[in-house]
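Close look at the chain arrangement
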Amino acid sequence: MSLIPGAPPAPGSWLLRLAAIGSVDDGKSTLIGRLLHDTKQLFDDQIEAVATASRHLGIDGVDLALVTDGLRVEREQGVTIDVAYRYASTPTRKFVIADCPGHVQYTRNMATGASTADLAVVVVDVSAGLKEQTRRHACIAALLGVDHLVVAANKMDLSDWDEAAYQAVVEEAHDLARRLGMDRVTVVPVSALLGDNVAEASTHTPWYTGPTLLAALEEAPTGAWAHDGGSRARLPVQWVVRHPGGGRSYAGMVSGGTFRPGDEIVVLPGGQRSRLTSVETFDGPLDEAPASLSVTVRLDDDLDVSRGDLIAPATDPPEVVRDVEATLCWFTDAPCEAGGRFRLKHTTRLTPAQIVSVDSRLDVTSLELQPTSHLGPNDIGVVHLAVGTPLAVDPYRANRATGSFVVIDEHSHATVAAGMVGAPVLAALPRG
Ligand SMILES: Nc1nc2c(ncn2[C@@H]2O[C@H](COP(=O)(O)OP(=O)(O)OP(=O)(O)O)[C@@H](O)[C@H]2O)c(=O)[nH]1
Ligand SMILES: [Mg+2]
């Protein structure tokens, strides 16, 4: 069913998931609030609630950052802590928008917000240019597979709409995008506070002939690979359903490709082969099940399949590994060092894991990999891990679901790192 009037473009080409990223206080929340306000996505009572909250905080006028900064501590401190998701639709497109925190302490939350995005809106305070944290965020987004940067050169009102200040950000942004291997970059001069060039073209920037931020977002291609998981069919088993009359079926979400009844499959990591006899949802049997659909499948043979196993085509299975080279975004104060023991969550499987070696750290400014023996908080680096149960993995670039994992502290159960299978894939990455 279409969520917007008129004939929608083909599914996948019209839904855009975006994450607003960048350094603390550069204006991400204000920009998202402005975008929602100026595209008439906010109800009168929402605007009234934000106006009342602004008055209580002693702010003149309506602080649109409060549209996404809803937590009490966020409002009191004027910073975003947790990712807030908002939805918007225009006649041509539907958006899922993640407003990420900029503060370095909440990089973990930013990585969560960016992990499902097609496109990153990098918000930059035009008077300060790209800061280290802006670069770290752009780098994490690139590692997470975001291949399109839209840069909002923000607070143009404070720089007297100076074209030279805008051009300086354009140069920095193009240089960064090129080195991150992102082939598309658009830089829009905006004032999130006043609304210039957000949804409406500004009269303050006659020297700028490019799109408004909204137009840039409406024109952006989606990174459909991120959601259909590529062509390789993958079904992580989430649940084994035992039927009263005997027999079993296996439930999970298709995380790539398409499954059809009759497909020859292999169950990993065990390697048993069989054939799919049916693919169903609650509504009945299907001729085919595409990515993102939650299904149950039945097999021709009575195999020992459990939660955490992965069903894949026999002709195109993922690699089964006990040792994994991976890129980690390390989030916690305790360093990441060889010998560290953790739990690793990969698709639906939880397994013990040990850091075998820490090989290199990515310098987020020079984008060089430098040899190291440990990672500190918010570092990005390459490690080797040994896992207790063999894992069926794809490279992250081939499949976001089977190519990623989280590392969990054994005792506190806190997430200490996000991992991507393989070394970082950034353009022409030099090794130090
Ligand atoms: N003058 C001016 N001020 C702005 C503009 N955009 C944002 N600000 C102000 O900058 C401050 C920070 O804005 P936020 O939107 O909270 O920044 P943020 O990037 O979301 O901050 P974090 O989420 O904590 O990283 C607020 O006081 C805003 O009113 C702008 O275009 N012009
Ligand atoms: Mg914010």
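Residues numbered from 1 in each chain as written. Chains lettered and ligands numbered in written order. Predicted model: local features only at pLDDT ≥ 70, side-chain atom pairs only at ≥ 80, totals over all residues. Heavy atoms only, no water.

Check the secondary structure of the chain and you find eight helices and 25 strands. In summary, the chain has a C-alpha radius of gyration of 23 Å against a globular reference of 22 Å for 432 residues, a match within 12%. Dimensions of the chain, computed from the C-alpha atoms along their principal axes, are close to 70 × 55 × 40 Å. Every one of the 432 residues in the chain was classed for burial, and the buried ones make up 52%. For the chain, contacts bridging at least 24 residues in sequence account for 70% of all contacts bridging at least 6. (Helix = DSSP H or I, 4+ residues; strand = E, 2+ residues; numbered from the N terminus. Rg over C-alpha atoms; globule rule 2.2 N^0.38 Å. Buried < 20%, exposed > 50% of the residue type's maximum accessible area, 1.4 Å probe, protein only. Contact = heavy atoms within 4.5 Å.)

Our next topic: the sheet that holds strand S1 (residues 15-21). If you walk across this open sheet you meet the six strands as S2-S3-S1-S4-S5-S6, and the pairing is mixed. In this open sheet, the two edge strands, each paired with only one partner strand, are strand S2 (84-90) and strand S6 (184-189). Ignoring which end each strand starts from, the neighbouring axes of this sheet average 25° apart. Inspection of the sheet shows S2 paired to strand S3 (residues 93-99) by seven bridges, in the antiparallel sense. Considered in S3, the bridge of Ala84 is made with Asp99. Its contacts with the sheet put helix H1 (residues 28-38) on S1, S2, S3, strand S4 (119-125) and strand S5 (148-154), and the angle it makes with S3 is roughly 155°. (Pairing = 2+ DSSP bridges. Axes fitted to C-alpha atoms, helices over the stretch in contact; angles between N-to-C directions.)

What follows deals with the pattern of salt bridges. Enumeration according to the criterion identifies 16 salt bridges in this entry. Note that Glu76 and Arg72 form a salt bridge whose closest N and O atoms lie 3.6 Å from each other. A residue pair is termed a helical-turn pair when its members lie 3 or 4 positions apart in one helix, as Glu76 and Arg72 do in helix H3 (residues 72-77) at four residues. Both residues of the pair, Glu76 and Arg72, count as exposed. (Salt bridge = Lys/Arg side-chain N within 4 Å of Asp/Glu carboxyl O.)

To continue, consider the nonpolar core. Residues Leu31, Val121, Leu180, Val187 and Leu217 are the most contacted members of the largest nonpolar core, which totals 82 residues. When residues of this core are assigned to their parent elements, the largest contribution, eight residues, is made by helix H6 (residues 163-180). With sequence-adjacent residues up to four places away left out, Val121 is seen in contact with Leu18, Ala19, Ala20, Ile21, Leu31, Val150, Ala152, Leu213 and Leu217. Listed in part, the 22 residues of the second largest apolar core include Val321, Cys336, Val387 and Phe405. (Core = buried A, V, L, I, M, F, W, Y, C linked by side-chain atoms within 4.5 Å.)

Scanning the entire structure with this criterion turns up three aromatic pairs. Seen from their ring centres, Trp330 and Phe342 are 5.6 Å apart, and the 80° between their planes marks the pair as edge-to-face. Of this pair, Trp330 sits in strand S17 (residues 319-330) while Phe342 is found in strand S19 (residues 341-346), placing the two residues twelve residues apart along the sequence. (Phe/Tyr/Trp six-rings, centres within 6.5 Å; stacked < 30°, edge-to-face > 60°.)

To continue, consider the site of ligand 1. The local shell around ligand 1 holds 20 residues, among which Lys28, Thr30, Thr80, Gly102 and Asp157 are the closest. The separation between an oxygen atom of ligand 1 and a polar main-chain atom of Ser29 is 2.9 Å. Bound to the protein, ligand 1 loses 85% of the 650 Å² it would expose on its own. Residue contributions to the shell around ligand 1 peak at three residues, all from H1. Partitioned by chemical class, the residues of the shell around ligand 1 number six nonpolar, nine polar and five charged. (Near = heavy atom within 4 Å. Polar contact = N/O pair within 3.5 Å; in protein donor to acceptor, adjacent residues only side chain to side chain. Areas by Shrake-Rupley, 256 points an atom, 1.4 Å probe, with all protein chains shown as cover. Nonpolar A, V, L, I, M, F, W, Y, C, P; charged D, E, K, R; others polar.)

With that settled, the discussion passes to the packing of helix H4 (residues 107-114) against helix H5 (residues 132-143). The contact between H4 and H5 brings their axes to 10 Å, and the two run at 40°. Regarding the angle of H4 to H5, the classification is oblique. Two packed elements cross with a definite hand, and for H4 against H5 that hand is right-handed. Residues Thr107, Met110 and Ala111 of H4 pack against Gln133, Arg136, His137, Ile140 and Ala141 of H5. (Parallel < 35°, antiparallel > 145°, perpendicular 65-115°, else oblique. Left-handed = near helix turned anticlockwise from the far one by under 90°.)

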